[in-house]
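Coordinates in review
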Amino acid sequence: MGQLAKLLEERGEEVLHEWSERVRQHLAPGGVSRSELEDPLPSILRQMRRALRGGDSGRRSIPGVGMGAVGREHGAQRFRLGFTPGGLVREYGLLSDLLLELLVDDGRLLSLREIRLLMNLVAMATAEAVAEHALQQAHARHEEREAEGLRLRQRKEEGERARLNALFLQAPVAIGIVRGPRAVIDLANPQLCRLCGRRPEQIVGKPMLEALPELEGHGFDDLMREVMATGVAFVAKEQAIRFARGEHGALETAYFNFVYDALRDERGHVEGVIIVATEVTQGVLARQQVETLLQRTRESEQARAAMMDALSAQTLVAVSYLRGPEHVFETANPIYRQLVGRDVVGMKALEALPELASQGFPSNLTRVFQSGVPYMVRAVPVRVARGLGGPLSERLFDLIYQPVRSPSGGIDGVLSLVFEVTEQVRLRQEAQRMAKEERGRRDFEQHLIGIVSHDLRNPLNAILLGLRQLLRPEDLDAHTVKCLKRLHSSTERAVRMVRDLLDFTQARLGGRLKIEREPVNVHEVVRAAVEELQATHPERELRLETRGDGRGQWDGDRLAQLVGNLVGNALKYSPANSVVTVRSQGGPEDVWLEVHNLGEPIAAEALPRLFQPLQRAVEGTDKKSRSVGLGLYIVEQIVRAHAGRIQVSSTAREGTLFAVRLPRGS
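Residues numbered from 1 in each chain as written. Predicted model: local features only at pLDDT ≥ 70, side-chain atom pairs only at ≥ 80, totals over all residues. Heavy atoms only, no water.

Bringing helix α11 (residues 220-230) into the picture now. Phe 220, Leu 223, Met 224, Val 227 and Met 228 are the residues of α11 that are buried. Within α11, the buried residues cover an arc of 130° as seen down the axis, which keeps them to one side. Facing away from the buried surface of α11 by more than 90 degrees, the exposed residues are Glu 226 and Ala 229. Positive phi appears at Gly 231, one or two residues downstream of α11, with a value of about 75°. (Buried < 20%, exposed > 50% of the residue type's maximum accessible area, 1.4 Å probe, protein only. Helix = DSSP H or I, 4+ residues; strand = E, 2+ residues; numbered from the N terminus. Arc of directions from axis to C-beta.)

Relative to each other, helix α20 (residues 556-572) and helix α21 (residues 631-641) sit at 145°, their axes nearing to 9 Å. Along this stretch, α20 crosses α21, giving a crossing that reads as left-handed. For the pair α20 and α21, the contacting residues are Arg 558, Gln 561, Leu 562, Asn 565, Leu 566 and Asn 569 in the first and Gly 631, Leu 632, Ile 634, Val 635, Ile 638 and Val 639 in the second. Classifying every residue of the contact of α20 with α21 gives seven nonpolar, four polar and one charged. (Axes fitted to C-alpha atoms, helices over the stretch in contact; angles between N-to-C directions. Left-handed = near helix turned anticlockwise from the far one by under 90°. Contact = heavy atoms within 4.5 Å. Nonpolar A, V, L, I, M, F, W, Y, C, P; charged D, E, K, R; others polar.)

Spatially, five strands are ordered β7-β6-β10-β9-β8 in an open sheet, and the strand pairing comes out antiparallel. The open sheet is flanked by β7 (328-332) and β8 (375-385), the only strands paired with a single partner. Each strand axis lies, on average, 35° off the axis of its neighbour in the sheet, ignoring direction. Sheet contacts for helix α16 (residues 361-371): β6 (318-323), β8, β9 (392-405) and β10 (411-420); angle to β10, the most-contacted strand, approximately 135°. (Pairing = 2+ DSSP bridges.)

For the rest of this paragraph, the subject is the sheet that holds strand β16 (residues 645-651). An order of β12-β14-β15-β17-β16 is seen for the five strands of this open sheet, with the pairing classed as mixed. Either end of the sheet is taken by a strand with one partner, and the two such strands are β12 (541-547) and β16. Within this sheet the neighbouring strands show an average axis-to-axis angle of 10°, counted without direction. Both strand β14 (residues 579-586) and strand β15 (residues 590-597) contribute to a ladder of six bridges, which runs antiparallel.

With that out of the way, let us pick up the environment of Val 340. By the element assignment, Val 340 lies in helix α14 (residues 334-340). You can call Val 340 buried: its relative accessible area is 4%. Residues Val 340 and Ala 352, twelve residues apart in the sequence, show an inter-C-alpha distance of 9.3 Å.

What follows deals with the nonpolar core. Proteins that are soluble and globular tend to have nonpolar side chains buried together. Among the nonpolar cores identified, the biggest contains 37 residues, and Leu 562, Leu 566, Val 567, Leu 593, Phe 658 and Val 660 are the most heavily contacted of them. Elements with a contribution of two residues or more to this core: α19 (522-536), α20, β14, β15, α21 and β17 (655-663). For this core, the element with the highest residue contribution is α20, accounting for seven residues. Sequence-distant contacts of Phe 658, defined by excluding residues within four places in its chain, comprise Leu 566, Asn 569, Leu 593, Glu 594, Val 595, Ile 602, Leu 610, Phe 611, Leu 632, Ile 646, Gln 647 and Val 648. Leu 27, Leu 88, Leu 121 and Val 122 belong to the second largest nonpolar core, which has 33 residues in total. (Core = buried A, V, L, I, M, F, W, Y, C linked by side-chain atoms within 4.5 Å.)

The next point concerns the pairing of strand β1 (residues 174-179). The element β1 is extensively covered by neighbouring structure, given that five of its six residues are classed as buried. One ladder, built from six bridges, connects β1 with strand β5 (residues 270-279); its direction is antiparallel. Of the residues in β5, the one forming a bridge with Arg 179 is Gly 272. Of the pairings in the sheet, the one linking β1 to strand β2 (residues 184-188) comprises four bridges and is antiparallel in character. Bridge pairing links Gly 176 to Ala 188 in β2. Where β1 folds back onto β2 in an antiparallel hairpin, the turn is made up of four residues, including Gly 180, whose phi is positive at roughly 80°.

To continue, consider the confidence of the model for the protein. Considering every residue of the protein, the mean pLDDT works out to 79; 78% of them sit at 70 or more. Counting contacts from residues 58-63, a segment whose pLDDT is below 50, to residues more than four positions away or on other chains yields twelve contacts. (pLDDT = per-residue confidence, 0-100.)

For the structure shown, the criterion picks out eight aromatic pairs. Consider the rings of Trp 19 and Tyr 92, whose centres lie 6.4 Å apart with planes at 50°: the pair is tilted. With a gap of 73 residues between them, Trp 19 in helix α1 (residues 3-26) and Tyr 92 in helix α5 (residues 85-106) connect regions that are remote in the sequence. Of the two residues, Trp 19 and Tyr 92, both sit in the buried class. Pairing Phe 361 with Tyr 401 gives two aromatic rings, centres 6.5 Å apart and planes at 70°, and the pair type is edge-to-face. Note that Phe 361 is positioned in helix α16 and Tyr 401 in strand β9, a separation of 40 residues in sequence. Neither residue differs from the other here; Phe 361 and Tyr 401 are each classed as buried. One aromatic cluster is present, formed by Phe 234, Phe 256, Phe 258 and Tyr 260 through successive ring pairs. The ring of Phe 83 has Arg 78 sitting right over it, with the charged end atom 4.9 Å from the ring centre. (Phe/Tyr/Trp six-rings, centres within 6.5 Å; stacked < 30°, edge-to-face > 60°. Lys NZ or Arg CZ within 6 Å of the ring centre and 35° of its normal.)

Moving on to the pairing of β17. Most of β17 sits out of view: eight of its nine residues are buried. Across seven bridges, β16 lies against β17 in antiparallel orientation. Bridged to Gln 647 within β17 is Ala 659. Hairpin remark: β16 followed by β17, antiparallel, with three residues in the connecting loop.

Written out as structure tokens, the structure reads:
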């Protein structure tokens, strides 16, 4: 049993007495007896205990359960006693405040789920009581209108419709009403039409899945039938939908919070469903981007959890309504009261929040009230006190001030929505800082590789030239020749590694390798490269096959480098007694170069990363050459620079084949 249910079990009589006393002192109209005032309260507390016990079942979603018949009778009885709808709302607010005070006195701690359960229960109970109060009031007005005649009745009906229509049209969320077994859209406010990118005549009067076919397959029809059958509201958060922004627009993924509630007629029968939708795509995408950045930079799980908790907290909205030109707080939800650390209801704005007088708060409210133009601002710094007279601390908020109009067109007050984004802004700035540092590290690494390899090339070339001069005399003894040849071979390998590093740096920093096209016969280039490799590997058999026209516009030096890398790779990863075959074949518009070898196949899981830098096709087989793993990466860069493509296949039976297609160029 949760803490709220235990409190009502153990201190129910005290709650009843204190609640009724507060209602009598602050809300009860004159002439109402204590017995009349207390009459519905025991039933309400009993129903609340049952609802709280039912909410402890462990379901993830908060059940949409209110007071039912008890709540409606409460609303009807309060109407008969002369309570206003605002008084009904305040009465449940007094109950909520009383329960929270007693919990604090007892030292009981509520979980987030219990807080949400209490807020949901109080909100739905208030809605049921106010709805019944409004129903009773409508009946009374109906009788009055009949007595006054048809003209007065029509005028009042038009005024009521105008009020409802104004609220419906000005609501800052998307609202739709669906009726009947075919789920026909009966009403859709402008926000809903803007959200789905349709005009009202394109959706109103049509079945929902016919008007919005992109919603099919998301379970909306089953969900609405369940709400109409049970009368129980349903809340869904961050639902992903492939949604078209217009009748023929492309589908895109968007995220929404939905509330589905039963629409009841005057007898209480469910005749449709009210759908309220709020798009939260930007918030979800921002959270996903932060998750990706955290994974890339390998932050600790504790930091990941803290960041996600901070983002989730931004979905809580502080709401208040300020009436009239003096901006008197008529309502303020618990989140708002918690934000400012005090109860502001019934107070003027500057009396309730004097610390905001010099920060533009009253002037912005007055501007919205006088002009009727909404005011929205993001990440504005505000110095707020936690309680009246407390120390000020600066935090960041998204603010929305929405004017609320009367049926006659005048402005009654201002609806205030406040989102604290202090932590969200800090996280975004931190993510930008980490991304900037990551880019700086990558740029530094690539610049460092380029600088080192460039500076190594000249001394290595000098050493190579000197070794060639030393090898020219014919009277050198065998040991000296062997040593000089070993030095010559090692220096050539170092030169190739430096060349590969320079090409790698150019490709990463410049986007792709630079080439200089000129008339070239690819067969001649391939033949020269194969002959050079055969001379350096006399113990291996290289087979060359050429067919067709080999002429075209290419960079001959780069093609020789491509053939050298592929053939050298084939020699390295094939048995010593096997043949490596090189083919060049000319076609009508392009030529194909193929290099084939037998031996151990390339693992299937290695193929996707084969052309990535600093990778090798087979692990542990390149200890002698000390390759840095750039050969195949540079091959692919040469192919891309020539607007060609490269393919590779490798099996134990057929061997390994690299095939390169090169357009002839202009």
